[in-house]
Amino acid sequence: MKLTFTFLLLAGLPALLADQVRTTDGGLISGRVTSLDSHALSLETELAAEAVQVKPDQVQSVTFDEDSVQRGDHDARVILINGDRLPCDLKRIDDKHVHVATRYSEDLKIARKSISSLQLGIRPRQTLYQGPSDSEDWTVDDAWSFENGVLTSISKGSAFREVEDLPSSFSLQFQIEWTQIPNLEFYFCSSEARAGGGKLDRYYLQFNSAGFGIQRQSSGDTTYQSLGEANLLPDSFTDSKALVEIRVDRKIRRIELLIDGEVAGRYNDPLPEAPGGSLFVLSSNSQASGVHRVSNIVVRAWSANRDRHDSEDRGDGEGDSLIDNTGQRFTGRLIGTGKSDKGMIFLFKNPHQEDPLQVPEDRVSTLFFAKPDSKSERPPMIIGLQEQGMLSVGACTFAGDEMKLTHPLLGEFSLKRNALTSMARRLENPPTDP
Amino acid sequence: MSLSRFILALSLTSSVIAATPPDLLRLADGELAGRFSGISAAGIIRWEREDSPAPLEFKVDKARHIALRGGVPATPHASTSHVELLDGDRIAGTITAMDKGELTLDSPQTGPIVIPRDRIKRIAPNPFGGRLIYAGPFSKEGWEIVAAEPPQSDASETEKKEDSWEHIAGHWYYKGGSDALRYPAAMPEQSIFRFRMDWRARPAVNIALHADFAGVPEAKENEGEDEVRRPDLPARMFGNALIVSIRANYATLQHCGYTQEGEPFVRHLRSSSSSVRIDESGGADFELRSNLKEGTVALFVDGSFWLQWNIEFTEDARPLGSGLGFLITNEAESYRITDLLVAEWNGMPDAARSFESPDRDIVLLTNGTDRLSGKVTSISEGRVKLHGDYADLDIPLEDVADLHFAESEKVKEEESQADGAAVRVHFLPIGRIHGKLIEASSERLVLESPSIGRIETLLDSASLLEFNRHGLFLQGWDDDL
C-alpha cells in the first residue's frame, strides 16, 4: 500500500495511561502498539479480541505511554546526515566510526560519513550545590520547613541560600510538587536575600495558574519585564509535580527553561548587563492551603556555548570542524580519540601545526564532520525519543519491551520501548529540520 | 574680511584646476571652493583660487573641514588591511612585523610607522573576508534624497521645502522631514553593512537593506483607482527591500515590496526576541549581517550580537535589490550618520566581542568559520605565531581576517585633550588619524597623535580634513548646523 504522507510531531501532550493512536479522521484509539510497517499499524486494545489493524495512511500520530518513558541523562548528541538525533554517551572515535553507548539500546557503531555533527557536554557538569541537605542548609521563615530532603511551604513566605562563586553560566534544577493551585517564585542571580518587589537586579521563575514564566527584575527604569513564558499549565501535570531546570548564561544574557527534561523556552534578557548576584530565594505566595514541596535542588556549572555552537554555519563541509567550550573553532581533520592521563583526548590535525592538536574531551563542545558525497534517504516514519532524540524508520516491530527497527544509516538494532515518546509520519516535502 | 565679502567681491563660482574636482573649505559662516595649499605652524590655512592673485588665508580655528578633491583621493589604495587603535584611529597598511612590544606597519598614509602594541585594539590584515564595496560618505555622489510625496507641480521655488538630509564633512545629518536617504550600494547576497548613528533623543529609524528602489507598479487595467492598495511608506521609498526598524527598546525586521502581480505587501519576519536596549540620547555603532541565501539577518550593536531574524521568502514576492537607505520616523529629532561601510561578508557567525576574553588574543580567519585564541607572540615574514591552548600555531597572515588583542594587554584609555586645534584626517577606502595639528603642506600634514606621537600623514590618499577648535575629538555635534 502506498503511504500517503501527513506530518505531525507531538510534544507536550497530557499524560496518558497507554499508547494513543490518533487517526486522520479525529479518532483516538488507546492500547499497546505492537508493530508498524507499510501495511498496517497493529494495536492491542481491550476493546477487541484481536489486535486492531490501522492503515498507515489513516494514522496521524502515536504517543507512547508517557508514564513508562524513562528520562535519560546522556551527555552527548549525534546528529545524522538525515537530521536524526541520537542522545548518547561517547565511547571513542576512530578513522571510520563513532562508537557510542546509550541507555535505550545496545552500543552503536556509527559510520562517520553518516554523521553531520556530534555535540558533547550536553549534561551540565560540575555540581556546585546539591540539597537541601538539612534544616540549616536554607534560611527559612515560618512558612517553610525542612524534612527528609524536602523544603515545604504551607503559607506565604520565603527561604534563601547563597551558592558562593556562582559562575557566569550555571544550571539550577529542582523538583517541585504542589497541591491545589501553585503560586511559587524562585529568584536567582539575586544580591538580596528576600523575595518581592523593588529596584533589584535579578531573575525569577514564576509558576502559578498561568504556567511557567521567566521574569527580569531591574533597578533601572523598568522594574519588571517578562522574558518569556512556557505554556504548560499546572493541571497538565498528572501528579502535580515537575522537574524544572533553568540554564543561565549571564555572559550573553540568555536563559533556557526545561520542564521534565524538555526545552520549554529560550529567553533573552534585553538589558545590557546581567544580574551578578549568587543568592537563590524561594518564595511561596499561597495564601490558602496550597502546599509547595521543593526537593533535589542542584546547581551545576554549565556552558551555554554548546547549544550555540551546534547551530553555527557548518562552513563548506570540506573538512571536519572542532569547536571547544571557549568558542575556538578549528577546521581540519579529526584523526580520532585517544587516551591521556587525564582522560579521553581528541586528536585533530590542523593546517597551522605539524602535530595534531590534543584537545581534552571536557573541552570539546561540537564536532562537525566533513560532508559526505551521498545523500541519505528519509523513511516515512519518525520516532521521537527521550532527550529530544529522533529517528527515521520505515518499519518496526515490537517484541516485549523492545522495538526492532531498520534504520537507513544505522542498520538493524533495537530500542527499549520506554525510550519512545511518539511516532508520526513525515511530510512529502518535509522542512529541512524535522 | 568675512567669507561672504570674498564671495561677493570675487563673483564666486566653483573653480576647477585641470580635471580634478576642487577642494572645499567649510568655515563657520560658509564654504569656499579652491585648492588647499597648506597650514602654517601658526595655524593659518592657505587657500588658492584662480581668481585670487595670492593665496587666501583663514584661521584654522574658524574652519570646520576641508574636503579634498570632492572627497576623492588622488591615489586611492586598494588594500583594506589596517590597524585600529584604542583611540579609534585606523591606519591602513601592510603589517610587516610585530613582537611583544610594538608593531611595524608599512602604510601608504604615513609611510613606515611603529605603533606600541598596547595602543592597538585590533589588526585587520583581511577585514570582512571579502571585498570592500563602499566606505563613506565622503561625498554626496551617488546618494539620493527622495521625498515621501512628489512636489506639487504648482509650487514656486520659494515654497519648495528643504531637504531632510544634508551632507557635511563625511556625515549625513537629518534635520527633519519625511525624505528618505538612498544609495545604490551594490550589496552582495552575503554582506556586512556597518554605520555609526548618533541621535539626540529616542531613536526611531528605518534602515533599508537589499533595496531595489522600485517605483510603485502601475495599477492593473481592470482596477479602479480606489481599489488599488497604496503601499506603505517604506515600500514607496525603497521598493522591494528588507527594513530594519530600530527604536530605543526594540528592533524589528520587515520584508516589504510588491508581488509579481504588483500588489504591495509588508511581512514581519520572526526573531527569537525583539528586545534591545539603546540609549535614548547618544549613539551606537550598528552592524547588519545579511545572508540572503541562508535567509538570515543579524543585528550587532557596539560589537555585540543583539538579534537574528530568519527570512522566509515567498514565491510571489519580487526579488530584492542591492541598495541601502535610511528613513527617520520621529521627524522632530536630529540624527547623524557616518562611517558607513558595505562589504562582502565571509559568514563569520559571531562578532569577536561575543567571544572576547580579557586575557586572550583572538584570531579570526578568512575562511569565515575558524576562531582561535591565545597569545600572539609575534608576526614576521607574513606569519602569525599564536601560543594556543593546545599547541603553538603558525598561521599565514593572509589567512587572518582580524586579530583582537586581549583587554588586559591594552593601555587604559585616557581622554586625549589636545592643547589647541585638533585635526582628523580621513582616508579612502579606510583610515583616519587624529591629533594636535602641527603644520601642513598640500601633500603632507603633520600632527601629534595621542597614541603614537608625531606623525606625518600623506594627503594623496586623504579625502577629508576635519578640524575641532576645542581640541578634543569626540562625537560632538556640529552646533553650527
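As the structure is a prediction and not an experimental result, all values here were calculated from the model.

## Examining the overall build of chain A
Consideration 1: Of regular secondary structure, chain A possesses one helix and 36 strands.
Consideration 2: Taking all 434 residues of chain A together, the buried fraction comes to 53%.
Consideration 3: In chain A, once contacts between residues fewer than 6 apart in sequence are set aside, the share between residues at least 24 apart is 61%.
Consideration 4: A total accessible area of about 19,300 Å² is found for chain A, and carbon and sulfur atoms account for 45% of it.

## A few points about the side chain of Arg 49 of chain B
Consideration 1: Position of Arg 49 of chain B relative to the elements: it lies in the loop between β3 (44–48) and β4 (56–59).
Consideration 2: Only 2.7 Å separates the side chain of Arg 49 of chain B from the backbone oxygen of Ala 33 of chain B, close enough to count as a polar contact.

## Quick look at the nonpolar core
Consideration 1: Of all hydrophobic cores here, the largest spans 103 residues; its most connected members are Phe 346 and Met 423 of chain A together with Phe 36, Ile 45 and Ile 115 of chain B.
Consideration 2: Residue assignment places this core across two domains, with domain 1 (3–76 + 418–476) and domain 2 (82–131 + 349–409) of chain B each supplying three or more.
Consideration 3: Dropping the residues within four chain positions of it, Phe 36 of chain B is found in contact with Asp 23, Ile 45, Arg 46, Trp 47, Ile 66, Leu 68, Ala 440, Ser 441, Ser 442, Leu 459 and Leu 465 of chain B.
Consideration 4: Leu 181, Met 187, Ala 284 and Ile 311 of chain B belong to the second largest nonpolar core, which has 42 residues in total.

## Focus on the domain arrangement of chain B
Residues and elements named next belong to chain B.
Consideration 1: In terms of domain boundaries, chain B breaks down into domain 1 (3–76 + 418–476), domain 2 (82–131 + 349–409) and domain 3 (132–153 + 160–344).
Consideration 2: Tallying the contact residues gives 16 residues for domain 1 and 17 residues for domain 2.
Consideration 3: Both sides together, the interface formed by domain 1 and domain 2 hides about 1,400 Å², and carbon and sulfur atoms give 55% of it.
Consideration 4: Taken together, the connections running from domain 1 to domain 2 amount to zero salt bridges.
Consideration 5: On the surface where domain 1 and domain 2 come into contact, there are six residue pairs in polar contact (both at pLDDT 80 or more).
Consideration 6: Only β33 (432–441) and β35 (453–458) provide two or more residues apiece to the side of domain 1 that touches domain 2.
Consideration 7: The biggest single contributor to the side of domain 1 that touches domain 2 is β35, with four residues.

## Section: the pattern of salt bridges
All names here are of chain A.
Consideration 1: Summed over the entire model, instances satisfying the criterion amount to 37 salt bridges over all chains.
Consideration 2: For Asp 89, the salt bridge identified is with Arg 103, shortest N-O distance 3.2 Å. Residue Asp 89 is found in strand β7 (residues 85–93), and its partner Arg 103 is found in the loop between β8 (97–101) and β9 (108–111); the two are separated by 14 residues along the sequence.
Consideration 3: Here Asp 137 and Arg 161 are joined by a salt bridge, their closest N and O atoms 2.7 Å apart. Taken as a pair, Asp 137 in the loop between β11 (127–131) and β12 (139–140) and Arg 161 in strand β15 (residues 157–162) lie far apart in primary sequence, 24 residues in all.
Consideration 4: The partly exposed category is assigned to Arg 161, whose relative accessible area is 23%.

## Description of the pairing of β35 of chain B
Residue and element names in this part refer to chain B.
Consideration 1: Bridge count between strand β34 (residues 444–449) and β35: six bridges; the pairing is antiparallel. What sits directly across from Arg 444, in β35, is Leu 458.
Consideration 2: The turn joining β34 and β35, which pair antiparallel and follow one another in sequence, is formed by three residues.

## Examining the confidence of the model for chain B
Residues and elements named next belong to chain B.
Consideration 1: Per-residue confidence for chain B gives a mean pLDDT of 82; residues scoring 70 or more make up 80%.
Consideration 2: Counted against residues more than four places away or in other chains, residues 1–18, with its pLDDT under 50, gives 25 contacts.
Consideration 3: This model gives residues 471–481 a pLDDT under 50, and the stretch forms 38 contacts once residues within four places in sequence are excluded.

## A word on the sheet that holds strand β16 (residues 180–183) of chain B
Each strand in a sheet pairs with its neighbour through backbone hydrogen bonds, running either in the same direction (parallel) or in the opposite one (antiparallel).
Residue and element names in this part refer to chain B.
Consideration 1: The strand order β13-β16-β25-β18-β19-β20-β21 describes an open sheet built from seven strands, whose pairing is antiparallel. Every other strand in the sheet has two partners, leaving β13 (144–146) and β21 (264–269) as the edge strands with one partner each. Across the sheet, the mean angle from the axis of one strand to that of its neighbour is 25°, orientation sign disregarded.
Consideration 2: Pairing of β16 with strand β25 (residues 323–328) involves three bridges; the strand directions are antiparallel. Note on β25: the bridge partner recorded for Leu 181 is Phe 326.

## Section: the packing of aromatic side chains
Consideration 1: Tallying each qualifying case throughout the model produces 24 aromatic pairs over all chains.
Consideration 2: Both rings, one in Phe 330 of chain A and one in Tyr 390 of chain B, keep their centres 6.0 Å apart while their planes meet at 65°; by these two values the pair is edge-to-face. Of this pair, Phe 330 of chain A sits in strand β27 (residues 329–340) while Tyr 390 of chain B sits in the loop between β29 (383–388) and β30 (392–396), placing the two residues on different chains.
Consideration 3: In this structure Phe 330 of chain A comes out as buried when scored by relative accessible area, which is 2%.
Consideration 4: Aromatic side chains Phe 193 of chain B and Phe 195 of chain B sit 5.2 Å apart centroid to centroid with 40° between the ring planes, which places their arrangement in the tilted category. You'll find Phe 193 of chain B and Phe 195 of chain B in the same group, each marked buried.
Consideration 5: Each member of the aromatic cluster is reached from another via a ring pair, and the members are Tyr 129, Trp 138, Phe 170, Phe 174, Phe 186 and Phe 280 of chain A.
Consideration 6: The lysine or arginine in question, Arg 182 of chain B, covers the ring of Phe 213 of chain B, its NZ or CZ lying 4.3 Å from the ring centre.
Consideration 7: Over the aromatic face of Phe 300 of chain B sits the side chain of Arg 289 of chain B, whose NZ or CZ is 4.1 Å from the ring centroid.

## Digging into the confidence of the model for chain A
Residue and element names in this part refer to chain A.
Consideration 1: Scored by pLDDT, chain A has a mean of 85; 88% of the residues are at 70 or more.
Consideration 2: Scored below 50 in pLDDT, residues 1–17 makes 43 contacts in the model with residues more than four places away or belonging to other chains.
Consideration 3: Of the regions scoring below 50 in pLDDT, residues 429–434 engages in nine contacts with residues more than four places distant in sequence or in other chains.

## A closer look at the sheet that holds strand β20 (residues 224–230) of chain A
Residue and element names in this part refer to chain A.
Consideration 1: The strand order across the open sheet built from seven strands is β12-β15-β24-β17-β18-β19-β20, with neighbouring strands paired in antiparallel fashion. Each having just a single partner strand, β12 and β20 make up the two edges of the open sheet.
Consideration 2: The sheet contact formed by strand β18 (residues 202–208) and strand β19 (residues 211–217) spans seven bridges and is antiparallel. Note that in β19 the partner of Arg 202 across the bridge is Gln 217.

## What to know about the side chain of Ser 105 of chain A
Residue and element names in this part refer to chain A.
Consideration 1: By secondary structure assignment, the location of Ser 105 is in the loop between β8 and β9.
Consideration 2: What makes Ser 105 buried here is its relative accessible area of 13%.
Consideration 3: Within polar-contact distance, the side chain of Ser 105 engages the side chain of Glu 106 at 3.1 Å.
Consideration 4: Filtering out sequence-adjacent residues up to four positions away, Ser 105 remains in contact with Phe 413, Ser 414 and Leu 415.

## What about unusual backbone geometry?
When glycine is set aside, most residues are seen to have a negative phi, and most peptide bonds are trans.
Residues and elements named next belong to chain B.
Consideration 1: At the junction of Gly 136 and Pro 137, the peptide bond is cis and its omega measures out at 5° in the coordinates.
Consideration 2: Looking at the secondary structure, you find Pro 137 in the loop between β12 (132–136) and β13.
Consideration 3: Each neighbour pair has its own omega, and for Leu 428 with Pro 429 the value is 0°, a cis peptide bond.
Consideration 4: Topologically, Pro 429 is positioned in the loop between β32 (422–427) and β33.
Consideration 5: At Arg 69, a position not held by glycine, the phi torsion is positive, near 55°.
Consideration 6: Structurally, Arg 69 can be placed in the loop between β5 (63–67) and β6 (82–85).
Consideration 7: In this model, Phe 213 sits at a positive phi of 55°, which is unusual for a non-glycine residue.

Calculation rules
- Residues numbered from 1 in each chain as written.
- Chains lettered and ligands numbered in written order.
- Predicted model: local features only at pLDDT ≥ 70, side-chain atom pairs only at ≥ 80, totals over all residues.
- Heavy atoms only, no water.
- Helix = DSSP H or I, 4+ residues; strand = E, 2+ residues; numbered from the N terminus.
- Buried < 20%, exposed > 50% of the residue type's maximum accessible area, 1.4 Å probe, protein only.
- Contact = heavy atoms within 4.5 Å.
- Areas by Shrake-Rupley, 256 points an atom, 1.4 Å probe, with all protein chains shown as cover.
- Polar contact = N/O pair within 3.5 Å; in protein donor to acceptor, adjacent residues only side chain to side chain.
- Core = buried A, V, L, I, M, F, W, Y, C linked by side-chain atoms within 4.5 Å.
- Domains from an automatic or database assignment.
- Buried area = accessible area lost by both parts, 1.4 Å probe.
- Salt bridge = Lys/Arg side-chain N within 4 Å of Asp/Glu carboxyl O.
- Pairing = 2+ DSSP bridges.
- pLDDT = per-residue confidence, 0-100.
- Axes fitted to C-alpha atoms, helices over the stretch in contact; angles between N-to-C directions.
- Phe/Tyr/Trp six-rings, centres within 6.5 Å; stacked < 30°, edge-to-face > 60°.
- Lys NZ or Arg CZ within 6 Å of the ring centre and 35° of its normal.

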